[in-house]
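Descriptive structure summary
Below, each chain spelled out in residue letters.
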2 protein chains.
Amino acid sequence: MGLRDLLFGRELRSSEDARQRIGTLTGVSLLGLDALSSAAYGPEVALVVMIPLGRESVRVLVPLLVCIVAILLVVFVSYRQTIHAYPNGGGSYVVAKQNLGARWGLFAAAALGLDYVLNVAVGISAGIAALVSAVPALHPHMIELCIATLLVLTAINLRGVRASGTAWRIPTWTFVACLGFVLLAGVYRALLAGGRPSPMIAPAPLPPAIAPLTSWIVLRAFASGCAAMTGVEAVSNGVPLFHRPAEASRALSVIIAILAVLLLGVGFLCRAYVIGAMDQSLPGYQSVLSQLVAAVVGHGWFYGLTMGAIFAVLTLSANTSFADFPRVCHFLAADEFLPPSFRHRGRRLVYTQGIVLLAVIAGVLLVAFQGLTDRLVQLFAIGAFIAFTLSQSGMVQHWRVRRDEPRARMKMTLNATGAVLTGTTAVVLFVSKFREGAWLTLILIPALVVLLQRMRARHVALEVAAQACVPIEIGDVAPPLVVVPMLGWNRPIENALRFAIQASGDVRAVRVVTEDAPLDELSARWETLVARPARAAGRASPTLDILRSDYREVVDPIVQYVHGVARANPGRVVEVVVPELFERHWYDFFVRNRYPELLRTMLLLDGDPRVVVVSAPWYLTK
Amino acid sequence: MGLRDLLFGRELRSSEDARQRIGTLTGVSLLGLDALSSAAYGPEVALVVMIPLGRESVRVLVPLLVCIVAILLVVFVSYRQTIHAYPNGGGSYVVAKQNLGARWGLFAAAALGLDYVLNVAVGISAGIAALVSAVPALHPHMIELCIATLLVLTAINLRGVRASGTAWRIPTWTFVACLGFVLLAGVYRALLAGGRPSPMIAPAPLPPAIAPLTSWIVLRAFASGCAAMTGVEAVSNGVPLFHRPAEASRALSVIIAILAVLLLGVGFLCRAYVIGAMDQSLPGYQSVLSQLVAAVVGHGWFYGLTMGAIFAVLTLSANTSFADFPRVCHFLAADEFLPPSFRHRGRRLVYTQGIVLLAVIAGVLLVAFQGLTDRLVQLFAIGAFIAFTLSQSGMVQHWRVRRDEPRARMKMTLNATGAVLTGTTAVVLFVSKFREGAWLTLILIPALVVLLQRMRARHVALEVAAQACVPIEIGDVAPPLVVVPMLGWNRPIENALRFAIQASGDVRAVRVVTEDAPLDELSARWETLVARPARAAGRASPTLDILRSDYREVVDPIVQYVHGVARANPGRVVEVVVPELFERHWYDFFVRNRYPELLRTMLLLDGDPRVVVVSAPWYLTK
């Protein structure tokens, strides 16, 4: 218990809920890291697609980013409306389910869930890849570093919402401040120099274009850049985490404002300093932001600080998934699509089971792909845009029903615009990445939907079958027949037999004789050891039955015997008393005799409702 | 059950034991593969050490092998005596224990056990390495191939002694016949050509010596070549596997005769054809035997057959460990140094647990070292020679005590010679391989000895503490107090409550209320649902206690409650009836509610001997 308290903090009462809520600024670092980190990799991935365009790519970047920011703003405004309409948390699952029907809700949940899982794997492996390329000595330990990061993220999130939001405050705001300063200084110099500032350190020169500027390449660059928009959903889903919905709305505004400014700033400076993407597989590779920061402020300590903050935020972008995925699971569990344990708030008032599930799946992905999740990147963002589209479409329906509310028509138009824009983006993403792996979503998302439906169907069927609403029928109260399996004669067995003799006047001890445990003098001494003392205490004396096991098995003959006793005594309950010996060392778990456990399991799986199994413990006290 | 029968064969009665015994020839393939495979790798490993001697190495090889064969013959004669003296199996453990004391026995068992485990890992990985170097396309699947081989060996050995001996007959005798023919043909040609035959395919030319011929290099070559002697112990340990001890003795004679002839033949031909070891890391590498077979018979189909048989026997050399390691464990378990399950003969009359333990340790080693067990080879053979020495020393003591038996003095001299020779070899092995890893045996073997002693001490202490020899005391027979934890109201819970009401007049239902399971109308309906029907059946009506759980836990409050009830009712047994719901799908194991299991475990670990736990099953029938 001491260790648990140290790792995860003391247990919290349900009533301490209010003190775990967060404000605007903590909300930004808790839920915003995914979105903010997009400022670092969004322009990069768009430029990577445009490498064949050479110098030309820089010219295309700014209109592309303006486009993306425009969509971002529409999505932002729509989600702000969602926050106000669903103060108890309006993730795509809830919104789509309530307005479009349960099936669309599941579809949104599956798509978003997939995206959150990928976000963890991709975020961590990208961050560690950046670290490893900076410190090549760490290369052999890539997987271990990924898993260690995952464990730290898991542990901090298990400490609760507040702890997690507070923990990432410093990296978040360092990132915003440093990058903001670089952009400000860069833009200032660019304006002074009439748009052509001289860099402190020259970026890699860009070659002339080796491919024509086609709409296909622009489309693909746009699709890649759209990855910058994932993570916007998290705030609207997490409204209940905040003191007041207004704070959630404010947190979303802050996140989007920073993201938009950073994206546009990076775009402007890439153009001014003529910075394009470099081929990551070539020696001397530098990321776009590394070139940009170096061009503006040179290679001093500030460069180091900024790059460190960028690396931290990239790695921690996984935190948004940790904050939001368990909430999605919680909503699904509330509707019985997942087991009830996903609804259970753990010791720190977070949905422990969802956090653990996310960590396990992400861990498996990281190990399976050996930390090289390039392939998974192709699936990334599609799920988020499917969820966005469904959520926005749900909001359109929401306003259609509430047509009479003030400004409902305007709100509906806004959400409809959002739905069309995000839907189009989802299609573009899907088409442009189809071959590279997007086809997998066609299998994974429907499979997840079917799995969730099956789980609910099974759960409901079970509940119906087990339902009891009539008064209990007691029936016959004949005392139970008690069977005590014995493997010899020692104090745990004596203890079980004592309990049996006290509980019933009809006790049958049963002994299995094998080549390992041959017949000994117990039968001869039965009268002295058991029968006579039982009669002396006024109880019937137990019988002793001997079973010979030719096949050296000990469990099966007893199960057969109990079966026979139950059949021969219809209407009576058969209690099997299994002696168990307990010690109190941690290593006992490993060296413990598994026989009682096995016997109990086999008896219960045998399927006779009249057979109950009693575990009679005997404790070794030293 | 059907699958088990198919994989491992039908279950065997203890009385079918005699039909599982084996004869001389099956004994050779069951227990002899380790020794026979030595003919293939013994000369190779000795020549590898002598690579710096170039052409010179070939000249040194023959006297070296003569030396090894001489020791082999002494060891053979001593072990023959052991077989006759210990017809129930005279492994080093038994012989050392009975004649030198338990501690020396353990020492021998630990050394031999270590060697057997290494033999499996090294044998399989060496075999697969040979296969992979022949078929490079298989290289990425090296580990999978190793594990697959391990699984096949494990499964065949679990099918029983007879099945295993029969399965390896064809590879064993193909190997002996092919290699025998090659040696015969080679020697015949060499004699015809006056000792300088012309090869069908010329072996790689040997360079002149680049190092002087020192006694250190010869010693190291000798030590490496001694690996050829491991596996001799297996027959003497496995005497009870044979119909008669005489057959075991005969099997050992056959194995040693073949091994001696093959070793000397290979040595003679290496010299005649001037074949030395090649550096395995250089391209175009050929093993000594591959060069030798090609020199004698060329590269035809017979070459392929012979090399295939050599590869098979190398890989299967692990089988000797599978046949013998479980017997060592069995002897240890009989003396309580291992848990009794190692003494238990499984469905096919073999010591299942020992086989599984060996497979698990070898599997872990193979995975941990990624199938590259070069490093483990350095530990190899030392354990075997320590065991040999202890066994021979034990035999000396054995004859000293039986001084008056006919020819006891001669037998003692023979065993003493064996002890001195194997002891010297053990020291040479240890010194010459100390730096490469032999030092590890200094830690591992004593650690194993201590572990075994600790296990015995613990087992004996437990037995003494749990011993019962006085008649049972029944004590007070007040009816038990029954507690039924409830998480709601459904048929499994109703079923548990019915059992409780039938079993005792004092039943307390207890309900935990959390934010997940809020208070519902059950309390209000208690009278109708439970209390009135109970009274109608003539039983006392159960009480319903409500526990509020601020921390959302459900198990802990119940454990505390039961604790309180037990304390408030000294002298009475408290029966906790846990409702369990069972279905019958294979996947139920994964989605099952773990709550009843957890509750039972926590209640039993709580350590109150008056608290027993009843598992009341309810079955969903569809």
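For the rest of this paragraph, the subject is the interface of chain B and chain A. If you look at the interface, chain B gives 63 residues, while chain A gives 63 residues. For the side of chain B that touches chain A, the elements supplying multiple residues, two or more each, are α20 (434–466), α21 (491–503), α22 (522–536), β4 (574–582), α25 (595–605) and β5 (611–619) of chain B. The dominant element in the side of chain B that touches chain A, judged by the number of residues it contributes, is α21(B), at nine residues. Tallied by class, the residues present in the side of chain B that touches chain A amount to 37 nonpolar, nine polar and 17 charged. Sheet topology note: the strand β5 (residues 611–619) of chain A/β5(B) ladder contains three bridges and is antiparallel. The residue bridging Ser615(A) from the neighbouring strand is Val613(B), located in β5(B).

A few words on the sheet that holds β5(B). Backbone hydrogen bonds are what pair the strands of a sheet, in a parallel or an antiparallel way. Strands sit in the order β3(A)-β2(A)-β1(A)-β4(A)-β5(A)-β5(B)-β4(B)-β1(B)-β2(B)-β3(B) across an open sheet of 10 strands; the sheet is mixed. Two strands close off the open sheet at either side, each with one partner strand: β3 (543–548) of chain A together with β3 (543–548) of chain B. With strand direction ignored, the average angle separating the axes of adjacent strands in the sheet is 25 degrees. Against the sheet, helix α25 (residues 595–605) of chain A makes contact with β1 (481–486), β4 (574–582) and β5 of chain A together with β4 and β5 of chain B, and its axis sits at roughly 160 degrees relative to β4(A), the strand it touches most. Packed onto the sheet, α25(B) meets β4 and β5 of chain A together with β1 (481–486), β4 and β5 of chain B and runs at close to 160 degrees relative to β4(B).

Next up on the list: the relation of the copies chain B and chain A. Superposition record for chain B on chain A: RMSD 0.1 Å, screw rotation 180 degrees, translation along axis 0.0 Å. The two molecules are tied by a two-fold rotation axis, judged by turn and shift. Closest approach to the rotation axis among the C-alpha atoms of chain B is made by Val614(B), whose C-alpha sits 2.1 Å away. The share of interface residues of chain B whose copies in chain A are also at the interface is 100%, consistent with both copies meeting through the same surface.

We now examine the environment of Arg189(B). If you trace the backbone, Arg189(B) turns up in helix α9 (residues 169–192). It is 24 Å that separates the C-alpha atoms of Arg189(B) and Trp173(B), two residues lying 16 residues apart in sequence.

This brings us to helix α23 (residues 555–568) of chain A. Residues and elements named next belong to chain A. Taking 1.5 Å of rise per residue, 14 residues should cover 20 Å, and α23 covers 20 Å from first to last C-alpha, within 8% of that figure. Turning to α23, its buried residues are Ile 558, Val 562 and Ala 566. Buried residues of α23 fall within an arc of 75 degrees about the axis and therefore sit on the same side. Looking at α23, the residues exposed on the side facing more than 90 degrees away from the buried face are Gly 564, Arg 567 and Ala 568.

Angle between the axes and distance between the axes are the two parameters that describe a pair of packed helices. Residues and elements named next belong to chain B. The interhelical angle for the contact between helix α6 (residues 102–134) and helix α14 (residues 301–316), taken along N-to-C directions, is 155 degrees, at an axis separation of 7 Å. With respect to each other, α6 and α14 are oriented roughly antiparallel. Two secondary-structure elements touch here, α6 through Gly 123, Ile 124, Ala 126, Gly 127, Ile 128, Ala 130 and Leu 131 and α14 through Phe 311, Leu 314 and Thr 315. When grouped by side-chain class, the residues that make up the contact of α6 with α14 number seven nonpolar, three polar and no charged.

Counted at 1.5 Å a residue, the expected span for α14(B) with its 16 residues is 22 Å, and the 22 Å between its end C-alpha atoms agrees. Listed in full, the buried residues belonging to α14(B) are Thr306(B), Ala309(B), Ile310(B), Phe311(B), Ala312(B), Val313(B), Leu314(B), Thr315(B) and Leu316(B).

The subject of this paragraph is the domain arrangement of chain A. According to the domain assignment, chain A consists of domain 1 (2–460) and domain 2 (481–619). One C-alpha centre belongs to domain 1 of chain A, the other to domain 2 of chain A, and the line joining them spans 60 Å.

Turning next to the environment of Leu259(B). All names here are of chain B. Within the secondary structure, Leu 259 is located in helix α12 (residues 245–273). Sequence spacing of Leu 259 and Phe 181 is 78 residues, and the spatial spacing of their C-alpha atoms is 14 Å. Excluding its chain neighbours within four sequence positions, the residues that come into contact with Leu 259 are Ala 35, Leu 36, Ser 38, Ala 39 and Leu 72.

Before going further, it helps to spend a moment on the pairing of β1(B). Residues and elements named next belong to chain B. Among the six residues that make up β1, six are buried, leaving the element largely enclosed by the rest of the structure. Side chains Leu 481, Val 483 and Pro 485 of β1 all project onto a buried face; the interleaved residues Val 482, Val 484 and Met 486 project onto the opposite face, where all are buried too. Note that β1 and β4 share three bridges and pair parallel. Residue pairing for β4: Val 482 is matched across the bridge by Glu 575. Sheet topology note: the β1/strand β2 (residues 507–513) ladder contains five bridges and is parallel. Directly across from Met 486, in β2, lies its bridge partner Arg 511.

Conventions and cut-offs
- Residues numbered from 1 in each chain as written.
- Chains lettered and ligands numbered in written order.
- Predicted model: local features only at pLDDT ≥ 70, side-chain atom pairs only at ≥ 80, totals over all residues.
- Contact = placed C-beta atoms within 7 Å.
- Helix = DSSP H or I, 4+ residues; strand = E, 2+ residues; numbered from the N terminus.
- Nonpolar A, V, L, I, M, F, W, Y, C, P; charged D, E, K, R; others polar.
- Pairing = 2+ DSSP bridges.
- Axes fitted to C-alpha atoms, helices over the stretch in contact; angles between N-to-C directions.
- Least-squares fit on C-alpha atoms with pLDDT ≥ 70 in both.
- Expected span 1.5 Å × (residues − 1).
- Buried ≥ 20, exposed ≤ 12 C-beta atoms within 10 Å, placed from the backbone.
- Arc of directions from axis to C-beta.
- Parallel < 35°, antiparallel > 145°, perpendicular 65-115°, else oblique.
- Domains from an automatic or database assignment.

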